[in-house]
Amino acid sequence: MNTNNYPNNFEYFPSPCYVLEEEKLEKNLQILNYVRLKSGAKILLALKAYSLWRSFGLIRQYLDGITASGIYEARLGYEEFKKEVATFSPAYKKREMEELVKISNHIIFNSFKQWRKFKDIIDNENKIRESENRELIEVGLRVNPKYSEVTPPIYNPCIIGSRLGITPKEFKKGVSKYGLDGISGIHFHTHCEQNSDALARSLEHFEKHFGGHIAKMKWINFGGGHHITRADYDVELLVKIIQGFIQKYKTEVYLEPGEAVGWQTGFLIGSVIDIVHNGIDIAILDISATTHMPDCLEMPYRPMVRNSGEVKIKHKKNGKLKLKGEKKYCYRFGGPSCLAGDVIGDYSFDEPLKIGDKIIFEDMIHYTIVKNNTFNGIPLPSIAMISKEGNFNILKTFDYSEYKNRNS
Ligand SMILES: *Cc1c(COP(=O)(O)O)cnc(C)c1O
């Protein structure tokens with residue numbers, strides 16, 4: 001389907017549907033490319049946040065490769081991105097490692113034990129690569145610098161008892177037992193939606209604990225969570241930090257943002273299916289928080305809705321609720337699942353909502369499609385793109401078979 005009627009005519013859009021706006025994606029990529037060129041860092045797309053592979057053709061013009069959380073993401077990056085593949089997993093299985101060595105440039109381990117377990121597989125692959133004059137696999141270790149400003153705790157990899165990253169104490173033990181021969185890089189990932197001042201503070205802790213080893217490394221990977229494309233992000237400070245680090249240690253620096261690539265690059269469009277009343281007006285949509293945007297419940301946060309206003313909740317003495325909006329008509333948005341807590345948020349509008357009205361949730365491209373599920377048998381939203389030229393293309397629609405096949 002092709003139409004130039006965007007953005008005025010939402011009739012053409014299936015419901016529900018994620019819509020990627022290519023022009024906005026390219027704007028993000030240009031900012032990231034500026035950081036690459038000015039600082040000298042390499043930037044990888046974290047597929048965990050954004051795996052819309054039909055847009056990889058554009059992304060690969062700007063970024064150096066992808067970072068994978070395991071075998072499937074590594075495969076997707078290898079098949080469709082076709083540049084560097086860096087893989088980190090908290091723990092690998094042998095079968096996965098046998099496949100990963102064929103398709104990864106960097107393999108990053110979460111423990112010395114896992115590195116030693118798979119050293120032979122990697123060494124053997126590197127012998128083959130050497131004889132064929134191909135680039136060798138480089139091995140890294142993920143560390144825990146014991147400092148992260150991330151809240152809530154579910155997103156904080158340095159929380160007490162965290163399984164993510166080798167602690168300074170374990171690192172010391174590992175080095176004295178095995179040495180670091182064969183290790184090319186150190187990786188830390190301690191950020192989430194953060195500005196560059198948080199990176200400056202994090203680096204102090206990283207250097208304090210691991211500083212003695214940095215200069216011996218070919219690269220240091222600063223992980224993801226750098227919100228580089230957000231309007232208030234201090235890009236120049238990031239560039240300065242990276243330049244200073246490279247100068248001081250003579251290593252390469254990698255960043256692997258996910259969210260910053262997909263940040264504000266599109267929306268999720270859905271429809272009002274019914275409006276019910278229980279002290280307040282509740283619109284039931286064909287979009288579910290728990291299946292289509294689970295971060296609403298996990299983070300939690302209230303997504304922005306186009307043309308809507310804020311709402312304050314008042315608890316009245318008789319136990320009832322009252323919604324008081326910035327705009328006149330207030331609604332609670334809920335999904336079509338049976339989960340009582342499948343509530344997206346409260347919104348106000350200038351006009352009353354009608355059944356069939358289209359609702360547009362902003363900034364719905366990252367950490368949404370990759371997390372979708374078919375709980376309650378709820379249909380998966382279609383995926384569409386508005387190209388730079390303004391053409392509307394449906395990339396993928398889903399049907400009943402998706403649900404059936406997942407449940408055998
Ligand atoms: C999640 C994650 C990323 C990407 O994080 P964003 O917050 O999306 O930028 C990068 N590296 C690792 C190891 C991660 O776990």
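In this text, all values refer to a predicted model and were calculated from it rather than measured experimentally.

> If you had to explain the sheet that holds strand 8 (residues 219-221) to someone new, which residues and values would you point to?
What holds strands together in a sheet is hydrogen bonding between their backbones, with the strands either parallel or antiparallel. Pairing is parallel around the closed barrel formed by eight strands, whose spatial order is 2-3-4-5-6-7-8-9. The sheet shows a mean angle of 25° between the axes of neighbouring strands, taken without regard to direction. Of the pairings in the sheet, the one linking strand 3 (residues 65-68) to strand 4 (residues 84-88) comprises four bridges and is parallel in character. Note on strand 4: the bridge partner recorded for Thr67 is Ala86. Contacting strand 2 (42-46), strand 3 and strand 4, helix 3 (residues 71-81) runs over the sheet at an angle of about 165° to strand 3.

> Now, about the pattern of salt bridges: what can you tell me, with residues and values included?
Between side chains of opposite charge, a pair can form when the charged atoms approach closely. For the structure on display, the rule yields 27 salt bridges. For the salt bridge of Lys24 with Glu21, the shortest nitrogen-to-oxygen distance reads 3.2 Å. Residue class for Glu21 comes out buried when judged on its relative accessible area of 7%. For the salt bridge of Lys94 with Glu98, the shortest nitrogen-to-oxygen distance reads 3.2 Å. With Lys94 and Glu98 both in helix 4 (residues 94-103), this residue pair falls four residues apart, about one helical turn. On the basis of relative accessible area, Glu98 is assigned to the partly exposed category, the value being 37%.

> Can you lay out the UniProt feature "domain: Orn/DAP/Arg decarboxylase 2 C-terminal" (unreviewed entry) in the protein chain for me, pointing to particular residues and giving the numbers?
Residues given the UniProt feature "domain: Orn/DAP/Arg decarboxylase 2 C-terminal" (unreviewed entry) here are residues 187-364. Here residues 187-364 is 26% helix and 31% strand, with 29 Å between the C-alpha atoms at its ends.

> How would you sum up a positive patch on the surface? Please name residues and give values.
Among the surface-exposed residues, Lys312, Lys314, Lys316, Lys320, Lys322 and Lys324 lie close enough to one another that they form a single positively charged patch. Elements with a minimum of two residues in the positive patch: strand 12 (311-315) and strand 13 (321-325). Inspection of the secondary structure puts Lys314 in strand 12.

> Go over the environment of Ala384 with me, naming the residues and quoting the values.
Position of Ala384 relative to the elements: it lies in strand 17 (residues 382-386). On the basis of relative accessible area, Ala384 is assigned to the buried category, the value being 0%. The spacing of Ala384 and His277 is 107 residues in sequence and 33 Å in space, taken between C-alpha atoms. Aside from chain neighbours lying at most four places away, what touches Ala384 is Cys17, Tyr18, Val19, Leu20, Phe392, Asn393, Ile394 and Leu395.

Thresholds applied
- Residues numbered from 1 in each chain as written.
- Predicted model: local features only at pLDDT ≥ 70, side-chain atom pairs only at ≥ 80, totals over all residues.
- Heavy atoms only, no water.
- Pairing = 2+ DSSP bridges.
- Helix = DSSP H or I, 4+ residues; strand = E, 2+ residues; numbered from the N terminus.
- Axes fitted to C-alpha atoms, helices over the stretch in contact; angles between N-to-C directions.
- Contact = heavy atoms within 4.5 Å.
- Salt bridge = Lys/Arg side-chain N within 4 Å of Asp/Glu carboxyl O.
- Buried < 20%, exposed > 50% of the residue type's maximum accessible area, 1.4 Å probe, protein only.
- UniProt positions renumbered as here; feature names shortened; annotations may be inferred.
- Patch = residues over 30% accessible without salt bridge, like charges linked within 9 Å, V, L, I, M, F, W, Y side chains within 5 Å.
- Areas by Shrake-Rupley, 256 points an atom, 1.4 Å probe, with all protein chains shown as cover.
- Lys, Arg positive; Asp, Glu negative; His and termini not counted.
- Charge placed at Lys NZ, Arg CZ, Asp CG, Glu CD.

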